[in-house]
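Tertiary structure, described
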Amino acid sequence: MVQVAEVAEVDGRASADSRRPVRRDIQALRAFAVMSVVVYHVWPSVMPGGFVGVDVFFVISGFLITSHLLSEVERRGTVRTGRFWARRIRRLLPASCTVLAVSLVLVVLVAPRVSWALNLRDVRTGAAYVENWALASRAVDYLAAEEAPGVAQHYWSLAVEEQFYLVWPLLVFAAARASWWPGGSARARVGRALALVTAVSFLAGLVWTWATPAPAFFNTFGRAWEFGVGGLVAVWRLGQVLGEHARAAWAWVAVVVLGATAFLLPGHEVSFPGWAALVPVGAAALFLVAGESRLRTSPTRYYAFPAVQWLGDHSYGIYLWHWPFVVLAPFVTGHPVGLVDGVALVAGTFVAAWVTKRWVEDPFRGGALTRSTRGAFLFALVGPGLLVACSTLLLHRVDRGVAESAARVTKSISSGEACVGAEAMDPGCPDRFRRPDDFDSAFADRDYDAAAYDCQVDADSAEVKICRFGRADSPRLRVALVGNSHAVHLVPALTEYGRSRGWEVLLAAQTDCLGVDRAVEGGQSPGCARRARELPRLLEREGVDVVVFASHDNAEGYVAGPSTSRAQVAEAEARTVTSWRRYVDRGMRVLVLGDVPGVRPESGPACVAVGSADDPCARPRDEVAHDNLFDVVARRHPELVAHHALTALMCDDDRCHAMVGGVSVYRDAHHLTRTYARTMADDVGGAVARAARR
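Residues numbered from 1 in each chain as written. Predicted model: local features only at pLDDT ≥ 70, side-chain atom pairs only at ≥ 80, totals over all residues. Heavy atoms only, no water.

**Looking at the overall build of the protein**
In terms of helices and strands, the protein carries 30 helices and 10 strands. Since a compact globule built from 694 residues should have a radius of gyration of about 26 Å, the 29 Å found for the protein is in line with a globular shape. When the backbone C-alpha atoms are referred to their principal axes, the protein occupies close to 90 × 50 × 45 Å. Looking at the protein as a whole, 56% of its 694 residues qualify as buried. For the protein, contacts bridging at least 24 residues in sequence account for 80% of all contacts bridging at least 6. Put simply, the protein shows about 28900 Å² of open surface, and 59% of that area lies on carbon and sulfur atoms. Computing the positive centroid from 72 side-chain charges and the negative centroid from 69, the protein places the two 9 Å apart. (Helix = DSSP H or I, 4+ residues; strand = E, 2+ residues; numbered from the N terminus. Rg over C-alpha atoms; globule rule 2.2 N^0.38 Å. Buried < 20%, exposed > 50% of the residue type's maximum accessible area, 1.4 Å probe, protein only. Contact = heavy atoms within 4.5 Å. Areas by Shrake-Rupley, 256 points an atom, 1.4 Å probe, with all protein chains shown as cover. Lys, Arg positive; Asp, Glu negative; His and termini not counted. Charge placed at Lys NZ, Arg CZ, Asp CG, Glu CD.)

Here's what the structure looks like:
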């Protein structure tokens with residue numbers, strides 16, 4: 001985030017060629033922005049729209065940087081980009097590298113190994129200032145959809161700002177020097193160029209937010225208009241035409257709108273940065289236009305409070321430090337952040353921000369090491385470079401441990417060792433639910449069949465994709481798995497069982513699609529409904545003998561819709577029967593498999609890693625093991641389909657377990673690890689074999 005010292009050339013705090021006083025209103029706006037973000041992250045229910053603080057920071061950045069660049073153009077007729085970038089390096093990188101380095105050490109010291117890979121990758125992309133693009137990629141990666149947040153995830157906004165700093169001076173310089181663009185001064189030409197860029201970015205952001213909302217949130221091009229709005233305020237100098245009463249009135253309007261947005265905006269229900277972003281961005285721009293008023297009725301006197309000014313002055317450090325503390329605190333305390341923990345966390349953040357400003361930011365900004373432009377650029381290479389190198393080396397160490405764990409587990413299963421994984425549900429096995437001393441949570445987190453998950457198509461896709469596993473030439477039995485990711489995670493069980501029996505396993509999987517017709521207002525996509533109608537014909541042509549439907553705890557929501565009446569549920573049940581009958585009428589057998597209980601909302605490997613050694617993360621059976629719509633319908637129609645429950649493979653009479661036979665049952669909150677699925681082979685494969693003989 002842009003801070004006071006960073007824009008000293010604009011606001012005059014430490015500038016050699018300007019002695020204008022600091023704008024207290026901008027300090028206050030920074031204080032609001034950073035505290036909105038902090039409160040949102042620590043106590044999200046208190047300020048559900050606090051994330052708009054980032055949008056406010058973008059507007060401030062656009063205003064201050066554009067003001068500085070225009071001032072230089074008008075004084076010197078050019079933009080000295082090298083010196084500009086060197087100033088940004090001196091101001092931003094020392095603190096950001098310090099926080100990343102400390103976060104890296106803390107991850108190794110207090111976080112379980114299951115979180116190392118994610119955090120190390122985030123430190124690496126954070127140091128390279130491409131975290132926003134990493135998160136955008138992760139947002140469309142199904143396997144990463146339920147990953148816990150990393151310690152450097154908040155660096156996405158810093159990455160967007162750094163990318164803005166790279167391009168903005170070039171844009172201002174090109175527009176100011178565009179003699180072929182007739183009419184007006186250099187300021188006027190810059191204003192027209194910024195207006196064009198802002199409009200194009202806003203429209204592009206609307207399209208991206210509508211089409212792909214998750215990655216659009218992190219897209220620099222879709223966020224550029226927020227900087228542009230601040231830049232236009234600087235170019236047009238709208239505040240100069242306002243009288244004192246107008247300044248006071250508009251300042252209060254901006255304050256009320258910003259506060260209402262932070263406290264009332266339902267963050268999880270609004271796509272950002274679409275139309276909704278106009279509210280905080282417009283209010284921040286209005287705040288900057290209003291500036292400070294001398295009237296007693298204006299909010300200016302509140303800006304001058306020492307606490308407000310201190311928060312604004314330390315907002316960069318507060319932003320940098322608060323998020324690693326939020327992510328790592330539960331690993332230290334053993335429970336989620338509560339009220340008391342949150343207060344301590346915020347206090348610690350303030351202390352860390354003060355220490356960083358006093359001993360890192362201020363010394364580096366004027367120190368001999370980075371005083372020259374060459375020294376600043378050298379630091380920009382060495383500092384982040386060391387962080388990238390260290391995180392890469394640690395990632396290699398994690399990868400090596402994962403490979404060793406995979407080899408060890410494969411050897412145990414292949415050798416027929418007793419009481420491994422699901423086989424340990426036999427009461428005769430000792431220490432059935434105890435975590436082994438050599439348990440590697442990082443391996444459990446990455447223990448999945450990548451080829452099977454690659455076969456799963458997106459929720460909105462109209463493609464009917466079928467992948468093959470096992471024997472393809474004249475198989476003795478051809479089995480098709482149909483469903484969403486809960487069908488995908490069963491592939492290792494069927495391929496393990498079918499390997500020695502000459503089976504071929506076909507997989508037809510789609511996100512949020514269970515492979516049956518949906519009700520009129522159902523929760524599945526039109527592509528899913530079309531898939532449900534086409535699959536029977538396609539699988540008949542493939543010569544499939546048994547079709548296995550993997551159920552899901554939320555089957556009713558997927559098939560009937562999120563809010564349903566009894567009539568809608570009944571209709572969904574009838575459509576489900578009709579869908580299954582299409583296969584039976586074509587000569588195929590149908591088997592419906594129950595869902596796994598899971599350990600929602602926690603991640604299995606993370607919970608097991610930090611839990612007690614004896615039966616970590618077990619849940620009461622009556623809380624997590626429930627029949628879903630598929631279970632109910634299948635049991636009502638035994639003449640049509642076979643049904644087989646999976647709960648006996650991870651639950652006893654009282655509890656459902658996350659660690660069985662030395663193997664993590666889940667790789668996240670509700671997906672089986674590949675290893676555990678393999679140990680389920682006899683049970684699941686046996687159910688398919690019985691269905692084939694019906």
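**Observations concerning the pattern of salt bridges**
On inspection of all chains with the given rule, the structure shows 26 salt bridges. In this structure, Glu 540 and Arg 586 form a salt bridge, with 2.6 Å as the shortest nitrogen-oxygen distance. With Glu 540 in helix H23 (residues 526-541) and Arg 586 in the loop between helix H25 (566-585) and strand S5 (589-593), the pair connects residues that are 46 residues apart, well separated along the chain. Residue Glu 540 is classed as partly exposed on the basis of its relative accessible area of 37%. Residue Arg 586 is classed as partly exposed on the basis of its relative accessible area of 36%. Through salt bridges with shared partners, a single ionic network connects Arg 468, Arg 478, Glu 504 and Glu 542. (Salt bridge = Lys/Arg side-chain N within 4 Å of Asp/Glu carboxyl O.)

**Some remarks on the packing of aromatic side chains**
Enumeration over the complete set of coordinates arrives at 25 aromatic pairs. Where Trp 133 meets Phe 221, the ring centres are 5.8 Å apart and the plane angle is 45°; that geometry is what we call tilted. Of the two residues, Trp 133 is situated in helix H6 (residues 131-139) and Phe 221 in helix H10 (residues 220-236); the sequence distance between them amounts to 88 residues. Residue class for Trp 133 comes out partly exposed when judged on its relative accessible area of 33%. (Phe/Tyr/Trp six-rings, centres within 6.5 Å; stacked < 30°, edge-to-face > 60°.)

**Describing the state of the cysteines**
Within this structure, the stated rule accounts for 5 disulfides. Note that Cys 419 is cross-linked by a disulfide to Cys 429, the S-S spacing being 2.0 Å. Because the torsion about its S-S bond is -80°, the bridge between Cys 419 and Cys 429 counts as left-handed. Within this pair, whereas Cys 419 is found in the loop between helix H18 (373-414) and helix H19 (441-445), its partner Cys 429 is found in the loop between H18 and H19, the two being separated by 10 residues in sequence. (Disulfide = S-S within 2.5 Å.)

**A look at the pairing of strand S3 (residues 503-509)**
The buried fraction of S3 is high, at 7 of 7 residues. Sheet analysis places strand S2 (residues 477-483) next to S3, joined by 7 bridges and oriented parallel. Note that in S3 the partner of Gly 483 across the bridge is Ala 509. (Pairing = 2+ DSSP bridges.)

**Notes on the sheet that holds strand S4 (residues 546-550)**
One open sheet holds the 6 strands; their spatial order is S1-S3-S2-S4-S5-S7, and the pairing between them is mixed. Of all strands in the sheet, those with a lone pairing partner are strand S1 (467-470) and strand S7 (642-644), marking the two edges. Shown here is a sheet whose adjacent strand axes are inclined to one another by a mean of 25°, direction ignored. Strands S1, S2 and S3 of the sheet are contacted by helix H22 (residues 491-499), whose axis makes an angle of about 165° with S3. Each of S4, S5 and S7 is contacted by helix H28 (residues 629-636), which is oriented at about 135° to S7, the strand it contacts most. (Axes fitted to C-alpha atoms, helices over the stretch in contact; angles between N-to-C directions.)

**Notes on the environment of Asp 545**
Its location among the elements puts Asp 545 in the loop between H23 and S4. In sequence terms Asp 545 and His 489 are 56 residues apart; their C-alpha atoms lie 21 Å from each other. Setting aside anything within four residues of it in sequence, one finds Asp 545 in contact with Leu 477, Arg 478, Met 588 and Arg 589. In terms of polar contacts, Asp 545 uses its side chain to reach the backbone amide nitrogen of Arg 478, at 2.8 Å. (Polar contact = N/O pair within 3.5 Å; in protein donor to acceptor, adjacent residues only side chain to side chain.)

**As for the pairing of S4**
Regular strands place their side chains on alternate faces of the sheet. Counting buried positions along S4 yields 5 of 5 residues, so the element is predominantly enclosed. The alternating pattern of S4 places Val 546, Val 548 and Ala 550 on one face and Val 547 and Phe 549 on the opposite face, and all of these are buried. When S2 meets S4, the two strands line up parallel, connected through 4 bridges. Bridge pairing in S4 links Val 479 to Val 546. In this sheet, S5 lies alongside S4 in parallel orientation, the contact comprising 5 bridges. The residue bridging Val 547 from the neighbouring strand is Val 590, located in S5.

**What to know about the confidence of the model for the protein**
With 93% of its residues at a pLDDT of at least 70, the protein reaches an overall mean of 88. Of the regions scoring below 50 in pLDDT, residues 1-19 engages in 59 contacts with residues more than four places distant in sequence or in other chains. (pLDDT = per-residue confidence, 0-100.)

**Structural notes on a negative patch on the surface**
There is a patch of like negative charges on the surface, built from Asp 622, Glu 623, Asp 653 and Asp 654. Secondary-structure assignment places Asp 622 in helix H27 (residues 621-624). (Patch = residues over 30% accessible without salt bridge, like charges linked within 9 Å, V, L, I, M, F, W, Y side chains within 5 Å.)

**As for helix H3 (residues 52-76)**
Taking 1.5 Å as the rise per residue, H3 with 25 residues should run 36 Å; its terminal C-alpha atoms sit 36 Å apart, in good agreement. Of all 25 residues in H3, 21 are buried; the element is thus mostly enclosed. (Expected span 1.5 Å × (residues − 1).)

**Some thoughts on the side chain of Arg 223**
Within the element layout of this structure, Arg 223 appears in helix H10. In terms of polar contacts, Arg 223 uses its side chain to reach the backbone carbonyl oxygen of Phe 217, at 3.0 Å. Setting aside chain neighbours within four positions, we find Arg 223 in contact with Asp 55, Phe 58, Trp 156, Val 160, Ser 201, Phe 217, Phe 272 and Pro 273.

**What about the environment of Gly 502?**
One can find Gly 502 in the loop between H22 and S3. For the pair Gly 502 and Arg 476, spaced 26 residues apart in sequence, the C-alpha separation works out to 5.4 Å. Look past the residues within four positions of Gly 502 in its chain and what remains in contact with it is Arg 471, Pro 475, Arg 476 and Leu 477.

**With respect to the packing of H3 against H10**
One way to put it is that H3 packs onto H10 with a least axis distance of 7 Å and a crossing angle of 45°. Our classification of the angle between H3 and H10 gives oblique. Our pair here, H3 against H10, has a crossing hand that is right-handed. Contacts between H3 and H10 involve Asp 55, Phe 58, Val 59, Ser 61, Gly 62, Phe 63, Thr 66, Ser 67 and Leu 70 from the first element and Arg 223, Glu 226, Phe 227, Gly 230, Gly 231, Val 233, Ala 234 and Val 235 from the second. Broken down by class, the residue content of the contact of H3 with H10 amounts to 8 nonpolar, 6 polar and 3 charged. (Parallel < 35°, antiparallel > 145°, perpendicular 65-115°, else oblique. Left-handed = near helix turned anticlockwise from the far one by under 90°. Nonpolar A, V, L, I, M, F, W, Y, C, P; charged D, E, K, R; others polar.)

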